[in-house]
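# Working through the structure, step by step
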Amino acid sequence: MFEESAPDDGESEHDPVLTDGGTDDEGGERSDGVVRRDRFSGGPARSFLSSLAADERIFQADLAVDRAHTVMLAEQEIIDDDVAGEILTALDAIEVDGHDSLPDGEDVHEAIETAVIERVGPDGGKMHTARSRNDEVAACIRYRLREDVLAAIETTLALRESLVDVADDHQETIMPGYTHLQPAQPTTVAHWALAYEGAVRRDTERLLEAYARINESPLGGAAFAGTTFDIDRERTADLLGFDGVVENSMDASSSRDFLLETVQALSTHATTLSGLAEDVIIFANRGFVELSDDYSSTSSIMPQKKNPDTLELVRAVAGDAAGGVQGLTTTLKGLPRAYNRDLQRATTHAWETVDAVTEASEVAAGAAATADWNEETLAAEAGEGFSTATGVADLLAANGLPFRTAHELVAIAAENGADYDALEAASQEVLDESLEAYVDPDAVADALDPAESVASRDSQGGPAPEAVDAQLETAREVLADDDDAHAELTAALEAAHEALRSEVNGYV
């Protein structure tokens, strides 16, 4: 997917480009590429320059971009309809033959153009009129990336649905909550699951926002300075399903901030996934949850082992994604406008990151959906480490004691048994009075109970069942809206694909 390194916006007339030695069917060699000419077609650096193998990912995108550009050229009477028909017919044949059948070339764009000229003759070179490989490759990257981002968004939606289902099933499943991995306060599985649902929801939002900036057409920017031909950039954008155009031609052909934004959003999602995976790995270690066999493995030597290997890999993907952000940022940093060959190295970071994070997100969704929560163990551990201490301090503060004094009293009790007797002794030490002078003993007993402690935390966003009900309602509503948005974007791409095919059929 190399772009221009020599000025060429497709505006000049080309000498006929013919094969040297016949076609493959005749047993001869393929022609040299149509771009570099003899002077630049050999030497030890040719393989270093070539991206043809890696460009298989954008093979279909390039064919779509070629078709839309050709249709527009015909509609604008820049090329004749019969020439457009020959080019479009050749593109259909190239699609059937596949990427592996392309002639040698510096990139997929040159190889496809060479293949068109081999089939059509010199008129095939008119396909490149009024464009450069700079705007062409930028369009191809955006065309393909938006499909990949929609796939990533779909996995975030599936993960959110899994987490909502877990929360719905476990609104009253008490579990220990932690800060610094130390027992902190009792909560519920529902509250924990919705904490991650909220984070993944924001990940979805970031990807949807990135998609909106991906889905703008750079085609028509040419090398960077536009073209003298009377092209219709809005028309090619419409044919390719883009929402509009990147207006400035230099910006259109050379900018890759949409790649960086996307990789950053994916890295953020990978970080969310890593935290989720870490929690579940720890919970599995403590017997709180058991992963499905489908998301576990065993040891080659220790037959009793059931390891959360899939989630360990999910956890590791965050490092890969962060590396993608760093690599891409470093590649883009300091590049002058307009096009530079460094950009050839940029796209790999995006493809690798979107593939890894999408797969990790899909695995996380499946693991969450199929995990079995051990409610008895969770309930037994919910009061671990005097986790209800804050609730007792809150109770004392609600009954008139300054919170800092209540905090001191409960801290002393935590060191001396963490039960009612310990609280009573601490009250005598700190207040010189019985605890009962400030609060009803039954209320203290309730505050010490993990289930009652959770039920009392009914503030907005809290773990009490009624507070969780409200969070679940919001989560379901936003999930439904995001599902609809994803479906609309997917349908729009499908409609654009069908519309382009219909236009092409009018010429072939």
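You'll find the structure just up there.
Read on for a plain summary of the structure. (Residues numbered from 1 in each chain as written. Predicted model: local features only at pLDDT ≥ 70, side-chain atom pairs only at ≥ 80, totals over all residues. Heavy atoms only, no water.)

## Overview of the overall build of the protein
The test is simple: Secondary structure is summarised from DSSP: a helix means a run of H or I of at least four residues, a strand means a run of E of at least two, and numbering begins at the N terminus for each. Buried residues are those whose accessible area, probed at 1.4 Å on protein chains only, stays under 20% of the maximum for their type, while exposed residues exceed 50% and partly exposed ones sit between those limits. In this description, contact between two residues means that some pair of their heavy atoms is separated by no more than 4.5 Å. Note that accessible areas follow from Shrake-Rupley with a 1.4 Å probe, and for residues the cover is restricted to the protein chains shown.
Each helix and strand counted, the protein has 18 helices and four strands in total. Per-residue burial for the protein yields a buried fraction of 51% across its 508 residues. If you take every contact in the protein between residues at least 6 apart in sequence, the share linking residues at least 24 apart comes to 77%. Accessible surface computed for the protein: about 22,900 Å², of which carbon and sulfur atoms make up 47%.

## Some words on helix H13 (residues 389-398)
Listed as buried for H13 are Ala389, Gly391, Val392, Ala393, Leu395 and Leu396. Along its buried surface, H13 packs onto helix H14 (403-414), helix H15 (420-431) and helix H16 (441-448). Count one or two residues on from H13 and you reach Gly400, which has phi positive near 105°.

## Focus: the pairing of strand S2 (residues 182-188)
Applicable threshold: Strands were regarded as paired on the criterion that DSSP finds at least two bridges between them.
Direction of pairing for strand S1 (residues 174-179) relative to S2: antiparallel, over a ladder of six bridges. Counted as the bridge partner of Tyr178 is Pro183 from S2. Between S1 and S2, which pair antiparallel in sequence order, lie two residues; one of them, His180, sits at a positive phi of approximately 55°.

## Quick notes on the environment of Ala447
Mapped onto the elements, Ala447 comes out in helix H16. Classification of Ala447 as buried rests on a relative accessible area of 11%. Residues in contact with Ala447, not counting those within four places in the same chain, are Thr388, Gly391, Val392, Leu395 and Ser453.

## Section: the side chain of Ser453
Counting through the fold element by element, Ser453 comes out in helix H17 (residues 450-456). Here Ser453 is in contact with Pro186, Thr388, Asp446 and Ala447, once residues within four sequence places are set aside.

## Focus on the packing of helix H10 (residues 309-332) against helix H11 (residues 347-370)
Here is the rule: Angles run from 0 to 180 degrees between N-to-C directions of axes, and those axes are lines fitted to C-alpha atoms, restricted for helices to the stretch in contact. Angle categories: roughly parallel below 35 degrees, roughly antiparallel above 145, roughly perpendicular from 65 to 115, and oblique for all the rest. Note on convention: the crossing is left-handed when the near helix lies turned anticlockwise from the far helix by less than a right angle, right-handed when the turn is clockwise. We call Asp, Glu, Lys and Arg charged. Ala, Val, Leu, Ile, Met, Phe, Trp, Tyr, Cys and Pro are nonpolar, and the rest, Gly among them, are polar.
Contact geometry for H10 and H11: axes closest at 9 Å, N-to-C directions at 155°. When the axis of H10 is compared with that of H11, the two are roughly antiparallel. Read as a crossing pair, H10 and H11 show a hand that is left-handed. For the pair H10 and H11, contact is made by Thr310, Leu311, Val314, Val317, Ala321, Gly324, Gly327, Leu328 and Thr331 and by His349, Thr353, Ala356, Val357, Ala360, Val363 and Ala367, respectively. Its residues assigned to classes, the contact of H10 with H11 shows ten nonpolar, six polar and no charged.

## Section: the nonpolar core
Short version of the rule: Joining through side-chain atoms within 4.5 Å is the link that ties buried Ala, Val, Leu, Ile, Met, Phe, Trp, Tyr and Cys residues into a set, and such a set is a nonpolar core.
With 109 residues, the main nonpolar core has Ile112, Trp192 and Leu240 as its most contacted residues. With 16 residues, the top contributor of residues to this core is helix H5 (residues 133-169). Dropping the residues within four chain positions of it, Ile112 is found in contact with Phe59, Asp62, Leu63, Asp66, Leu91, Ile94 and Leu102. Counting residues in each nonpolar core, the second largest holds 20 residues, with Ala393, Leu423, Leu431 and Val444 among its members.

Take it as geometry only, folks, not as evidence of what the structure does.
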